[in-house]
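Close look at the chain arrangement
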Amino acid sequence: MFVLLLLLISGVSPLTVPPPTNVTVSCRNDSVSVRWDYGKQQPETKFKVNLQGYDWNYENETTEHWCDLSHEIWKSRERFLDFLFVSVRAIQGGNLSKAADSNTFSFNSLKEVDTTCALDFPPVDVYVSESGAAVISFLNPFHFYRRLKQTIRSEDESFKFGVFPLRNHTMLKGEFGGCCPATNVTCKLDVKLPINVTCVMLKGEMFYRNGISQISVNKTEICSQDQFEVQEVVLAVLLLSIFLIIVTVIMIFICKARAWTMLRTPLPKPLIFDSQRQPLNYDPNPKEDISQVSVENPCKSLHVTLEEDDPSEDKKSLCEDSRPCEDPQVPAAGSYSSDRECLYDRRELGSEETDDDSSDNSANTDCVLIEEEEEVSPYDRGHVWADMGNGDMVRGYTESRRT
């Protein structure tokens, strides 16, 4: 009877949601996150994350198995210096599981917690001279971490650090301490290192409320370069930069000088072409071939007869042979044909002929034979004057080349 009653009670009881497991908070430098495991997760499963402080809490829901808490912890120094833990619940269909708590943690090194979070040391510059004097400088952690810079309140916050000489990663005797107020952007310390020691180890604590709360800064090791070597490198870079600047300026002047010497002299105004005032209208090229020589009647003979005594007769007669030319080619030198063109000219024009040896009172004439070995322009031939009658003089061309 009792077993049956238990079965009836369990049948009407709500569905039990299993809680998450292995809820763990981890902090790496200034990043804080929580992770957990869940074996029987269903598609509608959600997780409710609750970050719990001394008198405050933060809640968030997610479907992932982790949650970033950094943006909430670094909102104020009361939060990252407080005693903190995280609880996670699973949600399925409106039903909540039991809370699963994480490990306790805090950035305050004076709190008794499971996990004490610490920050990394900012980058350090160390310069060691030949005499062993070393200059150590770095950016103040209060200013190096942007989230901490927003929480600075007064000068009761400071960073105290120690410098320890190292040889082969072994710490030597002698410690140098320094203190840097939170308002200082850079921390600097001059120390005297043992001979042939160029490496140091640094570690420090960030003090709040005059030391009531502290944040640990992890130790770091750094070795120095010789100060003179660094200066030589800086000098070499500076000289190289100056040389490059000078070369660049010289090249610019050379290019400008060449461009100036290569400028063309502007054309006179009459030679400047204006497309608006001078339209480009050209006649098309003729389709027919243009020949230098045109022969209309190749077979003709020209006879010029000058008679002084009879002015009524024509002083020049032109006779053309009507017989066509069957062979237009020029025959060989020394042969003559009646079909060739002969030009008879009086040797002296405008003078009276009184030659007694001439019985028919006719003028001495010369016959010039043209042997056309090649096409010759009329302008390249010899010029003669002929009387056409009534005092009309014309210029004719001989068949010989002009010399």
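Keep in mind that what you see is a predicted model, and the values were worked out from it rather than measured. (Residues numbered from 1 in each chain as written. Predicted model: local features only at pLDDT ≥ 70, side-chain atom pairs only at ≥ 80, totals over all residues. Heavy atoms only, no water.)

Observations regarding the overall build of the chain
Selection rule: Secondary structure is summarised from DSSP: a helix means a run of H or I of at least four residues, a strand means a run of E of at least two, and numbering begins at the N terminus for each. To sort residues, take the accessible area from a 1.4 Å probe on protein chains only and compare it with the maximum for the residue type: under 20% means buried, over 50% means exposed, and anything in between is partly exposed. We call two residues in contact when some of their heavy atoms are within 4.5 Å. Areas reported as accessible are Shrake-Rupley estimates using a 1.4 Å probe. Residue values count occlusion only from the protein chains shown.
Per the secondary structure count, the chain includes 6 helices and 23 strands. Looking at the chain as a whole, 32% of its 403 residues are labelled buried. Sequence-distant contacts in the chain: of pairs separated by 6 or more residues, those separated by 24 or more amount to 56%. Accessible surface, the chain as shown: approximately 28200 Å² in total, 53% of it carbon and sulfur.

Things to note about the confidence of the model for the chain
Rule in force here: Values of pLDDT, the confidence the predictor places in each residue, fall between 0 and 100.
When pLDDT is averaged along the chain, the result is 74; 62% of the residues meet or exceed 70. Within the model, the stretch residues 1-13 combines pLDDT values under 50 with 0 contacts to residues more than four positions away or in other chains. Below pLDDT 50 for its whole length, residues 298-372 participates in 110 contacts with residues either more than four positions away or in separate chains.

Some remarks on the environment of T116
Structurally, T116 is set in strand β10 (residues 115-116). As for T116 and F105, which are separated by 11 residues in sequence, their C-alpha atoms are 5.7 Å apart. Beyond its immediate chain neighbours, meaning those up to four positions away, T116 contacts S106, N108 and S109.

Some remarks on the environment of V34
Relative to the helices and strands, V34 resides in strand β2 (residues 31-37). Overall, V34 belongs to the buried group, its relative accessible area being 0%. Separated by 52 residues in sequence, V34 and V86 have C-alpha atoms that sit 7.7 Å apart. Discounting chain neighbours no more than four positions away, the residues touching V34 are V23, T24, V25, V49, H65, W66, C67, L69 and V86.

Digging into the state of the cysteines
Between two cysteines, a covalent bond joining their sulfur atoms is known as a disulfide. Heads up, the rule is: We call a pair of cysteine sulfur atoms a disulfide whenever their separation is within 2.5 Å.
Tallied over the entire structure, the rule returns 3 disulfides. Put simply, C27 and C117 are joined by a disulfide, and their sulfur atoms are 2.0 Å apart. Handedness of the C27-C117 disulfide follows from its S-S torsion of about -100°: it is left-handed. Of this pair, C27 sits in strand β1 (residues 21-28) while C117 sits in the loop between β10 and β11 (124-128), placing them 90 residues apart in sequence. With its sulfur 1.8 Å from that of its partner, C199 forms a disulfide with C223.

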